[in-house]
Amino acid sequence: MAIFDWQATRRKFLAGGSLSTALGGLPLPRVLAAQKAEKPPARKAPGIYERLGVRTRINAKGTYTYLTGSLMPPEVSHAMEEASQHYVFLVDLQEAVGKKMAEMLGVEAAMVTSGAAGAIMLGTAACVAGKDPEKIQRLPDITGMKSEVIIQKTHRNAFDHAIRNVGVRLVVVETPEELENAVSEKTAMMYFLNAAQNQGRVGLEKFIEVGKRHGVPTFNDAAADVPPKEHLSDYNKMGFDLVAFSGGKGLRGPQCAGLMLGRKDLIEAALLNNNPHEDTIGRPCKVGKEEIVGMFATLERYLKIDHTAEWKDWEARLATIEKTVSTVPGVHMGRFTPEVANHVPHVYFQWDEKAFGLTQAECAKQLEDGEPSIICLAGDYPHGLSVTPYMMRPGEERIVARRLKEIFTAAEKKVSA
Ligand SMILES: *Cc1c(COP(=O)(O)O)cnc(C)c1O
């Protein structure tokens, strides 16, 4: 038998053959030995992305869908893999997972959606068409149904498109009086953007109170609003009828999944407006068994992990970055934690951009174009160029620290020269 040529196998693998094909016929111990024999490069070879020619990035920015959200912990990906190996009735799985999640959170009902945006659309559909098969089939034609959703001006955001998908009209209000006057028999739902809770003229409690008094369901979009984990049930307990979270942001679940939590009758209606029911507005929002099970495993893990220790770890990693960058004269640093959404520690960097001959945007571009590629917060962000270890892989803080130091040092030389 010929001696196994690992390098040739690796070349073949990278050229497009699958690993199992490439190693086919070899006894397992030889395969494992061969795998061990290859020295891992400094950063683990991202096989699939290498094959696709798609660059991997270090995420020093946070949970952004364009940057693929978050990374799933092994508990989640293993559960998804296990789910992928068996058939079940999808409706049974939706129901069972929803029931378990509701129990875990102490909320009335729960379901897995195709992200927070999917929850916004299905929640709206539930409020408009309810469980009526004829109405469900007719959406987004809302003739004869409630046709308006109330939203505060400061709460308007790109994701309210998901409300508008249902065919309703947004009624935009600013003051508590305007809110009060806007409610009518046409009002299907009132939408609240949790991240803007301190920006609107109507706060959480008042908003809920108005909804309750008029019998209009209130929806809180809390997509990016864990940590803390208590938020997962706080808003339902406060009185919101429906609350949405992204699965693939702070929770670190499957990127194309989310949670909708709230009133049983509305969750049941949302499920009827959803896949696998075919002639529904939610049919394109399919969530497979893998994501449904994945969200369950995600929630189990999130409620179990030591969030204090995790926070301390983020702070220690920020300290690593600060220590390295502090060796460059003229770069000022400070920490901040956004109050509501993405409530995790960040560090920002400021310097004399003219004297350094380096703008914030140029610094961000150098980080992005360098090796490895690092994505940070920059631009119109309140504190300017900043990073957070929240979504980094372990150890990446050292790479970020080194690259920042390199870029700042090169620019600073122009000042001291
Ligand atoms: C990210 C986000 C969404 C969309 O969440 P997905 O899970 O990606 O669908 C909706 N609303 C807000 C406020 C968000 O930040």
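Look above for the structure.
First, a word on scope: everything that follows refers to the structure included in this document.

### A look at the sheet that holds strand 12 (residues 386-387)
Line of reasoning, step 1. Taken together, the 3 strands give an open sheet; going across it, the order is 9-10-12, and neighbouring strands pair in antiparallel fashion. Only two strands of the sheet have a single partner each, and these edge strands are strand 9 (332-336) and strand 12.
Line of reasoning, step 2. As judged from the 5 bridges shared by strand 9 and strand 10 (residues 346-350), these two strands associate in the antiparallel manner. Each residue of the ladder has a partner; that of His-332, found in strand 10, is Gln-350.

### As for unusual backbone geometry
Line of reasoning, step 1. The omega torsion across Leu-139 and Pro-140 is 10°, close enough to zero to call that bond cis.
Line of reasoning, step 2. One can find Pro-140 in the loop between helix 8 (133-138) and strand 3 (148-152).
Line of reasoning, step 3. Of note in this structure, Thr-68 is not a glycine but carries a positive phi near 70°.
Line of reasoning, step 4. If you trace the backbone, Thr-68 turns up in the loop between strand 1 (57-59) and helix 5 (74-83).
Line of reasoning, step 5. Phi angles above zero are rare outside glycine, and Arg-252 is one such case at about 65°.

### Re the packing of helix 5 against helix 14 (residues 289-304)
Line of reasoning, step 1. Running from amino to carboxyl end, helix 5 crosses helix 14 at an angle of 150°, the nearest separation of the two axes being 8 Å. Compared by their axis directions, helix 5 and helix 14 come out roughly antiparallel. For the pair helix 5 and helix 14, the sense of crossing is right-handed. In this structure, helix 5 uses Glu-75, Val-76, Ala-79, Met-80 and Ala-83 to contact helix 14, whose residues at the interface are Lys-289, Glu-290, Glu-291, Val-293, Gly-294, Ala-297, Thr-298 and Arg-301.

### What to know about the site of the ligand
Line of reasoning, step 1. By nearness alone, every residue bordering the ligand is listed as Thr-65, Gly-115, Ala-116, Ala-117, Phe-159, Leu-193, Asp-221, Ala-223, Ser-246 and Lys-249.
Line of reasoning, step 2. A distance of 2.6 Å separates an oxygen atom of the ligand from a polar atom in the side chain of Ser-246.
Line of reasoning, step 3. Between Lys-249 and the ligand, the recorded distance is 2.7 Å, taken from a side-chain N or O atom to an oxygen atom.
Line of reasoning, step 4. Burial of the ligand by the protein chains amounts to 84% of its free accessible area of 380 Å².
Line of reasoning, step 5. It is helix 7 (residues 115-129) that contributes the most residues to the shell around the ligand, 3 residues altogether.
Line of reasoning, step 6. In terms of residue class, the shell around the ligand is built from 5 nonpolar, 3 polar and 2 charged.

### Comments concerning the pattern of salt bridges
Line of reasoning, step 1. Throughout the structure, instances matching the rule amount to 23 salt bridges.
Line of reasoning, step 2. Here Arg-55 and Glu-371 are joined by a salt bridge, their closest N and O atoms 3.1 Å apart. With Arg-55 in the loop between helix 4 (47-52) and strand 1 and Glu-371 in the loop between helix 17 (360-369) and strand 11 (373-375), the pair connects residues that are 316 residues apart, well separated along the chain.
Line of reasoning, step 3. Classification of Arg-55 by relative accessible area gives partly exposed; the value is 37%.

What counts, and where the lines are drawn
Residues numbered from 1 in each chain as written. Predicted model: local features only at pLDDT ≥ 70, side-chain atom pairs only at ≥ 80, totals over all residues. Heavy atoms only, no water. Pairing = 2+ DSSP bridges. Helix = DSSP H or I, 4+ residues; strand = E, 2+ residues; numbered from the N terminus. Axes fitted to C-alpha atoms, helices over the stretch in contact; angles between N-to-C directions. Parallel < 35°, antiparallel > 145°, perpendicular 65-115°, else oblique. Left-handed = near helix turned anticlockwise from the far one by under 90°. Contact = heavy atoms within 4.5 Å. Near = heavy atom within 4 Å. Polar contact = N/O pair within 3.5 Å; in protein donor to acceptor, adjacent residues only side chain to side chain. Areas by Shrake-Rupley, 256 points an atom, 1.4 Å probe, with all protein chains shown as cover. Nonpolar A, V, L, I, M, F, W, Y, C, P; charged D, E, K, R; others polar. Salt bridge = Lys/Arg side-chain N within 4 Å of Asp/Glu carboxyl O. Buried < 20%, exposed > 50% of the residue type's maximum accessible area, 1.4 Å probe, protein only.

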